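Read off the chains here:
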2 protein chains.
Amino acid sequence: MRAYKGIRSLVKEIEATKRQGKTIGFVPTMGCLHDGHLSLIRKARRDADCVVVSIFVNPAQFGPNEDLKKYPRDIKRDLGLLRASGVDIVFAPGIKSLYPDKFSTYVDVGDLTSGLCGASRPGHFRGVATIVVKLFNIIKPGIAYFGQKDAQQAILIKKMVHDLNMDVKIKIMPIIREKDGLAMSSRNKYLSSQERKKALSLNRSLESAKDLYKKGERDSYKIIKKMQGMIPQNNGTKIDYIDVVDIEDLKSVKRISGKTLVALAVKVGKTRLIDNTILGG
Amino acid sequence: MRAYKGIRSLVKEIEATKRQGKTIGFVPTMGCLHDGHLSLIRKARRDADCVVVSIFVNPAQFGPNEDLKKYPRDIKRDLGLLRASGVDIVFAPGIKSLYPDKFSTYVDVGDLTSGLCGASRPGHFRGVATIVVKLFNIIKPGIAYFGQKDAQQAILIKKMVHDLNMDVKIKIMPIIREKDGLAMSSRNKYLSSQERKKALSLNRSLESAKDLYKKGERDSYKIIKKMQGMIPQNNGTKIDYIDVVDIEDLKSVKRISGKTLVALAVKVGKTRLIDNTILGG
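These figures come from a predicted structure and were not determined experimentally.

A. Geometry of the packing of aromatic side chains. With the rule as written, the count across this model stands at 12 aromatic pairs over all chains. Plain terms: the ring middles of B:Phe103 and B:Tyr106 are 5.4 Å apart, the flat faces sit at 85° to each other, and that makes the pair edge-to-face. Taking the relative accessible area as the measure of exposure, B:Phe103 reaches 12% and is therefore buried. Among the aromatic residues, those joined into a cluster by ring pairs are A:Phe56, A:Tyr99, A:Phe103 and A:Tyr106. Above the face of the A:Tyr106 ring, A:Arg126 is positioned so that its terminal group lies 3.7 Å from the ring centre.

See below:
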């Protein structure tokens, strides 16, 4: 495994890899790796000749009052996990490499970024889209892997790749959960044991949404109502949103017919958690 | 020469070209070709194994009250000129190929787009940046060629390529002029013979700016003042802007020290003309 901090030396290796006709599978991460990331890497390992993983806590996707500074970082542990996973190339640049002084170009995916997490995190998805374009241009993967946990991110990256005619296949992999159902996230580290228990309500409410759907319920309002009742809204736990939306345009639907995303964000103490499931289709 | 309307068949040929290890030189155009375009193509022909030219009147870079509909088109004549110039591949897509329904992703280069032409053409450079990213992603050129006549466009494309880590070299080629000094432009076709005469004042004012600079004048205000006096502001001729700006950040400078762009836009009748020159550096 070779680790690169600078773009130039990485690009040389990427070019050599391409010249050999090898396919590149790419997993972009913000580090602090968990089994969710590793599931993407295992998939890339099966698909591609050369697996590239990036570790970069992207400042452009954090709002001014968000957790950029305290976002968990553990590069030593990450490198160990990546080595054990058979990764070929790690790209872990400094901020100035990707955002030099006078950086001013951003990619905006439009409507898809305004609802769900975009509503409470203005600019977040512009930052995501921009860094993904940059990383794709540097690493030139044939396939890139994203987790279904960040559903809105996954959908808008697919849209962006399509709109901008980018030559990369996007694979979205299932949410990986702890044994008790909590969706894996680097931010779970923030939770106290008390908060950790409350956090289980996200997945439980999604399970009940699935149950209702299986029993024939198609009214989004009723499903949301049921889910709201399952999230303890006290002692600093607060629903940011629960929404039932079309899987492609992310617009709220009143009745579920096609493939539909049920997504929610809940602030548990100071930690904002997200989770989702797909119904129908 | 092979001409493509669809993206898929073009991409297949591009991939085959790449596999053969051939370098691709790309000249994006809006058609209605003149010697300015042909000078770019000749340069590409000297530099690259495979020369690709696109012809696409990009709706995203026209404002609602601009000349999208009446922009001159003459694809038959264009194809003849391209064939005679030894072009290998022409890409002339329909609008829906590049902007399918629900298209929503745009690239914005920020500060560079607000002054000069950006001030009177809001959204124009967002449209330019977006189509250039799309075309680069489809055609994957090693080098792409732009004319110095669209100075702001040339500078922001270089900035965008740098910011987004795009793997393409940008070459900016000199302005090509008619014998009487008028900068070549597809929009010159709009001019009546009366307007054609007035249009000469753009280049003449730039020539006098160069003269002043050679004589030691470094005060932007005095240069602009002199230029203003040379543009006949009557009978429907109107200066949009005359500005003296830093060549990199496009911000106005009071005194000329480093490499400096003198640029102007003048509306002659209904036709908006632009021209520029570089001083110092």
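B. Up close: the pattern of salt bridges. Residues and elements named next belong to chain A. This model, assessed by the stated rule, comprises 26 salt bridges over all chains. Where Lys96 meets Asp101, a salt bridge forms, and the shortest distance between an N and an O atom there is 2.7 Å. One salt-bridge network, in which partners are shared between bridges, spans Lys43, Asp47 and Lys171.

C. Spatial organisation of unusual backbone geometry. With phi around 70°, A:Lys102 is a residue other than glycine that occupies positive phi space. Summarising the element assignment, A:Lys102 is placed in the loop between helix H4 (95–98) and strand E5 (106–108).

D. Here's a closer look at the relation of the copies chain A and chain B. Once chain A has been moved 0.0 Å along the axis and rotated by 180°, it coincides with chain B to within an RMSD of 0.0 Å. Such a turn and shift between the copies fits a two-fold axis. Taking the C-alpha atom as reference, chain A places A:Val107 closest to the rotation axis, 2.3 Å from it. Interface overlap between copies: 100% of the residues of chain A at the interface are likewise at the interface in chain B, consistent with a symmetric, same-surface contact.

E. Here's a closer look at the confidence of the model for chain A. Per-residue pLDDT for chain A averages 97, and the proportion of residues at 70 or more is 100%. Two summary scores accompany this predicted model of the complex, namely pTM at 0.97 and ipTM at 0.96.

F. A look at the packing of helix H6 (residues 124–139) of chain A against helix H7 (residues 151–163) of chain A. All names here are of chain A. Across the interface, H6 lies against H7 with an axial gap of 10 Å and an inter-helix angle of 55°. Classified by the angle between their axes, H6 and H7 sit oblique to one another. For the element pair H6 and H7, the recorded crossing hand is right-handed. Contacts from Phe125, Val128, Ala129, Val132, Val133 and Phe136 in H6 reach Gln152, Gln153, Leu156, Ile157, Met160 and Val161 in H7. Counted by class, the contact of H6 with H7 contains 10 nonpolar, 2 polar and no charged residues.

G. Looking closely at the sheet that holds strand E4 (residues 89–91) of chain B. Residues and elements named next belong to chain B. Taken in spatial order, the 6 strands of this open sheet run E1-E4-E3-E2-E6-E7, and their pairing is parallel. Each edge of the sheet is formed by a strand with only one pairing partner; in this case those strands are strand E1 (2–4) and strand E7 (169–173). Neighbour-to-neighbour, the strand axes of the sheet open up by a mean angle of 25°, direction not taken into account. Relative to strand E6 (residues 143–147), strand E2 (residues 24–29) runs parallel, the two being bridged by 2 bridges. By the bridge assignment, Phe26 is partnered in E6 with Ala144. Those strands touched by helix H2 (residues 35–47) are E2, strand E3 (50–55), E6 and E7, and its axis lies near 155° from that of E6.

H. Representation of the sheet that holds strand E9 (residues 260–268) of chain A. Residue and element names in this part refer to chain A. Taken together, 3 strands build an open sheet; the order of strands is E8-E9-E10 and the sheet is antiparallel. If you trace the sheet from one side to the other, it starts and ends with strand E8 (237–246) and strand E10 (271–279), each paired once. Within the sheet, the average angular offset between the axes of one strand and its neighbour, ignoring direction, is 15°. By the bridge criterion, 9 bridges tie E8 to E9 in an arrangement that is antiparallel. Following the sheet pairing, Val244 is matched in E9 by Val262. Its contacts with the sheet put helix H9 (residues 220–230) on E8 and E9, and the angle it makes with E8 is roughly 155°.

I. Structural context of the interface of chain A and chain B. Counting residues at the interface gives 27 residues for chain A and 27 residues for chain B. Here chain A and chain B share an interface that buries about 2100 Å² over both sides, 48% of which is from carbon and sulfur atoms. Summed over the three residues of chain A that lose the most area to chain B, namely A:Thr105, A:Leu164 and A:Asn165, the buried surface amounts to 28% of that side. Counting the contacts that link chain A with chain B gives 2 salt bridges. Linking chain A to chain B there are 20 residue pairs in polar contact (both at pLDDT 80 or more).

What counts as what
Residues numbered from 1 in each chain as written. Chains lettered and ligands numbered in written order. Predicted model: local features only at pLDDT ≥ 70, side-chain atom pairs only at ≥ 80, totals over all residues. Heavy atoms only, no water. Phe/Tyr/Trp six-rings, centres within 6.5 Å; stacked < 30°, edge-to-face > 60°. Buried < 20%, exposed > 50% of the residue type's maximum accessible area, 1.4 Å probe, protein only. Lys NZ or Arg CZ within 6 Å of the ring centre and 35° of its normal. Salt bridge = Lys/Arg side-chain N within 4 Å of Asp/Glu carboxyl O. Helix = DSSP H or I, 4+ residues; strand = E, 2+ residues; numbered from the N terminus. Least-squares fit on C-alpha atoms with pLDDT ≥ 70 in both. Contact = heavy atoms within 4.5 Å. pLDDT = per-residue confidence, 0-100. Axes fitted to C-alpha atoms, helices over the stretch in contact; angles between N-to-C directions. Parallel < 35°, antiparallel > 145°, perpendicular 65-115°, else oblique. Left-handed = near helix turned anticlockwise from the far one by under 90°. Nonpolar A, V, L, I, M, F, W, Y, C, P; charged D, E, K, R; others polar. Pairing = 2+ DSSP bridges. Buried area = accessible area lost by both parts, 1.4 Å probe. Polar contact = N/O pair within 3.5 Å; in protein donor to acceptor, adjacent residues only side chain to side chain.

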